[in-house]
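Residues per chain, in single letters:
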Amino acid sequence: MIDIKRIREETDVVRQAVADKNMRVDIDRILAVDGKRRELETEFNNLRHEQKQAGEKIAKAGKDEKAALSQEMGKVKARIQAIEEDLAQVEAELNELMLTVPQVPSPESPRGPDASGNVEVRKHGATRNKADFGFPFRDHVEIGESLKLFDLERGVKLAGSRNYVLTGAGAMLHEAVLRLAWDIMMEAGFTPMTVPVLVTEKLMYGTGFFPLHRDEVYLCERDEQCLVGTAEVPVTGFHGDEILSLDELPKTYVARSTCFRREAGAAGRDTRGLYRIHFFDKLEQVVVCKADAAESAKWHEKIIANSEKTLQALELPYRVVEVCTGDMGQGKYRMYDIETWMPSREAYSETHSASAFHDFQARRLNLRYRDENGKPQFCHTLNNTVIASPRILIPLLELNQLADGGVRVPEALRKYMGGMERID
RNA sequence: GGAGAGGUGGCCGAGCGGCUUAAGGCAACGGUUUGCUAAACCGUCAUACUCUGUAAAGGGGUAUCGGGGGUUCGAAUCCCCCCCUCUCCGCCA
């Protein structure tokens with residue numbers, strides 16, 4: 001959500017944001033409905049004022065006068081009820097429209113229509129293609145099946161397409177990666193938490209996933225709850241409807257959760273292996289800080305650094321990409337993806353996503369703090385993947401495969417795997 | 001899942017149709033007093049929208065007593081539905 005005043009006062013800026021983000025939002029309609037709302041509200045307020053004053057008079061009046069006044073106020077009551085009905089309708093429409101208005105992106109974000117407009121910021125580590133291995137390259141599916149690291153067929157048997165079961169050393173590797181990431185975040189001083197993964201719809205609106213991305217979410221409609229696609233949802237919502245004091249900011253949280261995604265728009269895409277699946281585990285970092293662009297930007301850098309540190313510990317080559325306006329999504333102010341090199345795809349592929357929202361989520365969540373002058377302000381929120389598995393196992397297995405068919409375990413993971421140096 | 005009791009400002013807690021613009025207390029903040037601290041005393045002490053107004057400020061109005069609907073000239077107060085919390089019972093990792 002953005003401030004409606006901004007739509008009134010900086011209409012062109014908002015229009016440009018809609019265009020830059022490749023969205024369609026009827027700004028004129030919003031302005032019209034907002035005007036109508038204010039008109040009705042003023043009338044409502046005036047009538048209520050009249051009603052309240054009359055109420056005082058009636059309380060003190062004699063019997064006859066009381067009856068006369070009451071009858072008179074009956075008319076006012078009817079008008080108030082009519083206006084209330086109109087107002088409710090207008091407010092509902094305005095709210096619905098407002099939920100679709102994008103955050104105005106950073107002037108520094110590259111402008112572009114889609115992923116093609118994203119800009120590489122930096123690279124780390126040496127990449128290797130299939131031909132560079134010096135022995136017949138096997139992709140992660142072949143490695144996993146031969147070493148019994150996961151079972152895709154039985155995953156489908158249990159839960160349908162895009163499901164899987166990690167087994168044996170595969171499950172161990174999955175846990176090891178998450179535990180390494182956990183320890184890195186503990187060292188960074190973030191506060192760990194466990195959070196519900198089945199949450200209210202209100203929270204999905206609050207974090208900006210609804211209404212636009214409803215199709216991508218599993219609904220438990222009988223209970224009016226949703227399975228989250230990321231721990232960002234409950235963690236960012238943790239302080240919703242609160243006014244934090246300045247001295248308790250920033251809040252730096254990290255939470256592991258299973259993430260559920262319908263992948264509704266991706267039918268037929270990335271169907272092989274563990275790349276695009278309906279559930280996975282992710283360690284997510286979330287920062288809530290004061291509404292200061294520089295402060296917010298500083299934390300954005302910090303949470304990206306945490307993720308890079310994790311990838312470096314895993315010895316994985318990656319690049320950081322700045323996401324352009326057309327690809328960043330409705331709520332984002334600025335966004336970076338980290339893409340890890342995957343030899344089977346002969347490409348860097350998205351494994352992390354670092355977003356700065358400014359006050360977009362905080363407004364929807366009513367997440368505030370009291371500033372230096374004691375005035376409530378909306379916080380800024382940010383989040384980034386620390387590690388998501390099993391997707392990260394794709395480059396991990398492929399890049400560490402050995403000529404003899406085994407897989408080398410990276411140094412940093414060995415202590416989480418009982419000292420195991422290789423998987424055979 | 002069954003039975004009962006509740007949900008009022010940052011917290012405690014009164015109010016159960018119109019002298020409530022939500023009493024009183026605690027905490028917090030500002031001030032007076034003081035050698036310092038404490039105490040005492042005085043003051044401030046919700047949020048949102050809106051109108052008015054200013055260099056800042058300020059002032060007026062409306063809404064909000066878990067959420068929604070209803071009754072009434074008038075609802076924190078009465079009625080209905082929902083949500084949540086607590087106690088007891090049942091079930092359970």
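Residues numbered from 1 in each chain as written. Chains lettered and ligands numbered in written order. Predicted model: local features only at pLDDT ≥ 70, side-chain atom pairs only at ≥ 80, totals over all residues. Heavy atoms only, no water.

(A) The pairing of strand E9 (residues 251–260), seen in detail. When you tally the buried positions in E9, you get seven out of 10 residues, the bulk of the element. In terms of strand pairing, strand E4 (residues 191–193) meets E9 through three bridges, oriented parallel. Its bridge partner being in E9, Thr-191 is matched across the sheet by Tyr-253. Bridge analysis of E9 against strand E10 (residues 279–289) gives 10 bridges, and the strand direction is antiparallel. (Buried < 20%, exposed > 50% of the residue type's maximum accessible area, 1.4 Å probe, protein only. Helix = DSSP H or I, 4+ residues; strand = E, 2+ residues; numbered from the N terminus. Pairing = 2+ DSSP bridges.)

(B) Representation of the packing of helix H7 (residues 168–187) against helix H10 (residues 293–313) within the structure. Where H7 meets H10, the closest approach of the two axes is 10 Å, and the angle between their N-to-C directions is 135 degrees. Regarding the angle of H7 to H10, the classification is oblique. The interaxial crossing formed by H7 with H10 has right-handed handedness. Between H7, through Leu-180, Ala-181, Ile-184, Met-185 and Glu-187, and H10, the contact on the second element is made entirely by Asn-306, Lys-309, Thr-310 and Ala-313. (Axes fitted to C-alpha atoms, helices over the stretch in contact; angles between N-to-C directions. Parallel < 35°, antiparallel > 145°, perpendicular 65-115°, else oblique. Left-handed = near helix turned anticlockwise from the far one by under 90°. Contact = heavy atoms within 4.5 Å.)

(C) Examining the nonpolar core more closely. One finds Ile-387, Leu-413 and Ile-423 to be the most contacted residues of the largest nonpolar core, which totals 61 residues. Once residues lying within four places of it in the same chain are set aside, the contact partners of Ile-423 are Leu-147, Leu-149, Ala-169, Leu-173, Gly-406, Val-407, Val-409 and Met-417. Counting 31 residues, the second-largest nonpolar core is a separate cluster that includes Val-14, Val-18, Leu-40 and Met-73. (Core = buried A, V, L, I, M, F, W, Y, C linked by side-chain atoms within 4.5 Å.)

(D) Structural context of the environment of Phe-137. As for its placement among the helices and strands, Phe-137 is situated in the loop between strand E1 (119–124) and helix H5 (140–146). Of the residues examined, Phe-137 reaches a relative accessible area of 15% and is grouped as buried. Along the backbone, Phe-137 and Thr-42 are 95 residues apart, and their C-alpha atoms lie at a distance of 72 Å.

(E) The arrangement of the sheet that holds strand E14 (residues 367–370) in detail. Read across the sheet, three strands follow the order E8-E14-E15 without closing on themselves; strand pairing throughout is mixed. In the strand order of this sheet, the two ends are held by strand E8 (242–245) and strand E15 (376–378), each with one partner. Recorded for the sheet is a direction-independent mean angle of 40 degrees between the axes of neighbouring strands. As paired elements, E8 and E14 share four bridges and run parallel to each other. If you follow Leu-244 over to E14, its bridge partner there is Tyr-369.

(F) How the structure looks around the protein's contact with RNA strand B. Taken together, 20 residues are adjacent to RNA strand B, and Glu-41, Asn-45, Arg-48, Lys-52 and Arg-370 come closest. Here a sugar or linking oxygen of RNA strand B sits 2.4 Å away from a polar atom, N or O, in the side chain of Glu-41. Contact distances for RNA strand B include 2.7 Å between a phosphate oxygen and a side-chain N or O atom of Arg-370. Every element with two or more residues in the surface near RNA strand B is listed here: helix H1 (4–9), helix H3 (27–60), helix H4 (63–98) and E14. Along the lines of polarity and charge, the residues of the surface near RNA strand B split into five nonpolar, five polar and 10 charged. (Near = heavy atom within 4 Å. Polar contact = N/O pair within 3.5 Å; in protein donor to acceptor, adjacent residues only side chain to side chain. Nonpolar A, V, L, I, M, F, W, Y, C, P; charged D, E, K, R; others polar.)

(G) Representation of the domain arrangement of chain A. Taken domain by domain, chain A holds domain 1 (4–98) and domain 2 (115–423). For domain 1 and domain 2, the distance between their C-alpha centres works out to 43 Å. The partner domain 2 presents eight residues to the four residues of domain 1 that form the contact. Carbon and sulfur atoms make up 51% of the surface buried where domain 1 meets domain 2, a total of about 440 Å² over both sides. Summed over the shared surface of domain 1 and domain 2, the result is zero salt bridges. Summed over the shared surface of domain 1 and domain 2, the number is five residue pairs in polar contact (both at pLDDT 80 or more). (Domains from an automatic or database assignment. Buried area = accessible area lost by both parts, 1.4 Å probe. Salt bridge = Lys/Arg side-chain N within 4 Å of Asp/Glu carboxyl O.)

(H) Inspection of the packing of aromatic side chains at higher detail. In total, this model carries seven aromatic pairs according to the counting rule given. Seen in terms of ring centroids, Tyr-164 and Phe-279 are 4.4 Å apart; in terms of plane orientation they differ by 5 degrees. Their pairing is stacked. Of this pair, Tyr-164 sits in the loop between helix H6 (152–159) and strand E3 (165–166) while Phe-279 sits in strand E10, and the two are 115 residues apart along the sequence. Taking relative accessible area as the criterion, Tyr-164 reaches 5% and is therefore assigned buried. When its relative accessible area of 23% is taken as the criterion, Phe-279 is described as partly exposed. Summarising the aromatic geometry, the rings of Phe-238 and Tyr-253 are spaced 5.7 Å apart at their centres and angled 75 degrees between planes, so their arrangement reads as edge-to-face. Of this pair, Phe-238 sits in the loop between helix H9 (232–237) and E8 while Tyr-253 sits in strand E9, and the two are 15 residues apart along the sequence. Over the face of the ring belonging to Phe-133 we find Arg-128, whose NZ or CZ atom lies 4.3 Å from the ring centre. (Phe/Tyr/Trp six-rings, centres within 6.5 Å; stacked < 30°, edge-to-face > 60°. Lys NZ or Arg CZ within 6 Å of the ring centre and 35° of its normal.)

(I) Inspection of the state of the cysteines at higher detail. Under the counting rule described, the total for this entry stands at zero disulfides. With no disulfide of its own, Cys-259 lies closest to Cys-226 among cysteine sulfurs, the gap being 14 Å. Not engaged in a disulfide, the cysteine Cys-289 finds its nearest cysteine sulfur in Cys-379; these two sulfurs lie 7.8 Å apart. By relative accessible area, Cys-289 is classed as buried at 0%. (Disulfide = S-S within 2.5 Å.)

(J) Representation of the side chain of Thr-340. By secondary structure assignment, the location of Thr-340 is in strand E12 (residues 334–342). The exposure class assigned to Thr-340 is buried, which follows from its relative accessible area of 0%. Side-chain polar atoms of Thr-340 contact the side chain of Thr-351, separated by 2.7 Å. Setting aside anything within four residues of it in sequence, one finds Thr-340 in contact with Leu-311, Leu-316, Pro-317, Tyr-318, Ala-347, Tyr-348, Ser-349, Thr-351, Ile-392 and Pro-395.

(K) Representation of H3. If you check H3, its first and last C-alpha atoms are 50 Å apart, about what 34 residues at 1.5 Å a residue would give, namely 50 Å. Within the sequence span of H3, burial applies to Ile-27, Ile-30, Val-33, Asp-34, Arg-37, Leu-40, Phe-44, Leu-47, Ala-54 and Ile-58. In the core, the buried residues of H3 are packed alongside H1, helix H2 (11–20) and H4. For H3, the side-chain oxygen to backbone nitrogen distance between the N-cap and Asp-28 is 3.4 Å, and the N-cap itself is Asp-26. (Expected span 1.5 Å × (residues − 1).)

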